Amino acid sequence: RLIFMEKLTQVYLIRHSETLKMKNLIYSLLAVVFFSILLHGQAPGKVWYGKGSGNAQAEAVHKALMSVVDDFANGNSNGWKIYTDDATEIDPNGNITFGKKAMLDAWDAFMKMVDEKPKFTYSNVLVRMLTNDIAIAVFETSADIKIKGQQIGGKAKGSAVLRKHNGVWKIEFDQLTPEMPMPEN
């Protein structure tokens, strides 16, 4: 019986050694990718760049975002031009919209519901360059929107992931999170 158990253990180890080797290989590759991103993704020094930071890539991202902000602040749908066709958005209601066409349809439906052209403001836009072609932006925004006489909107925090496509910054993903004041003690 003891010999049988030893043989069974040897067979198990032989069969599973390939699994262990593969697992170790995967973990090693993940570690290499992680450290490569750390070394090459973000230049040493400042991580988040505000407008006028002097970082050319971050300034280009700011410029692209401000073109969208200006369009939406003016109540038109031209802002969607810098979204990729496959972009995804999470709106303040928590709805997830996939694709620029669906986002345009949702915007058009929204604009038919409002009493007047909404007013949007954006501030404190910060950009983090993950690579030379991928950036994250965070910002503060407020919306003055009236639907059937009721004031909706308010302050929110937003974020966007942008990728450079053929030298042009495009939004791949964005989201807005409404600010909800917590009760004071």
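Notes on the structure follow. Every value quoted in this text rests on a predicted model; they were computed, and no experiment measured them. (Residues numbered from 1 in each chain as written. Predicted model: local features only at pLDDT ≥ 70, side-chain atom pairs only at ≥ 80, totals over all residues. Heavy atoms only, no water.)

Considering unusual backbone geometry
One non-glycine residue with positive phi stands out, namely Lys148, at about 50 degrees. Structurally, the position occupied by Lys148 is in the loop between β5 (134–147) and β6 (150–165). The backbone phi angle of Asn166 is positive, close to 50 degrees, even though this residue is not glycine. (Helix = DSSP H or I, 4+ residues; strand = E, 2+ residues; numbered from the N terminus.)

A word on the side chain of Gln175
By the element assignment, Gln175 lies in strand β7 (residues 168–178). One polar contact links Gln175 to Ser159, side chain to side chain, over a distance of 2.9 Å. Only 2.7 Å separates the side chain of Gln175 from the side chain of Thr177, close enough to count as a polar contact. (Polar contact = N/O pair within 3.5 Å; in protein donor to acceptor, adjacent residues only side chain to side chain.)

Some words on helix α2 (residues 56–73)
The end-to-end C-alpha distance of α2, which contains 18 residues, comes to 25 Å, matching closely the 26 Å that a straight helix rising 1.5 Å per residue would cover. The set of residues buried in α2 consists of Ala58, Val61, His62, Ala64, Leu65, Val68, Val69, Asp71 and Phe72. (Expected span 1.5 Å × (residues − 1). Buried < 20%, exposed > 50% of the residue type's maximum accessible area, 1.4 Å probe, protein only.)

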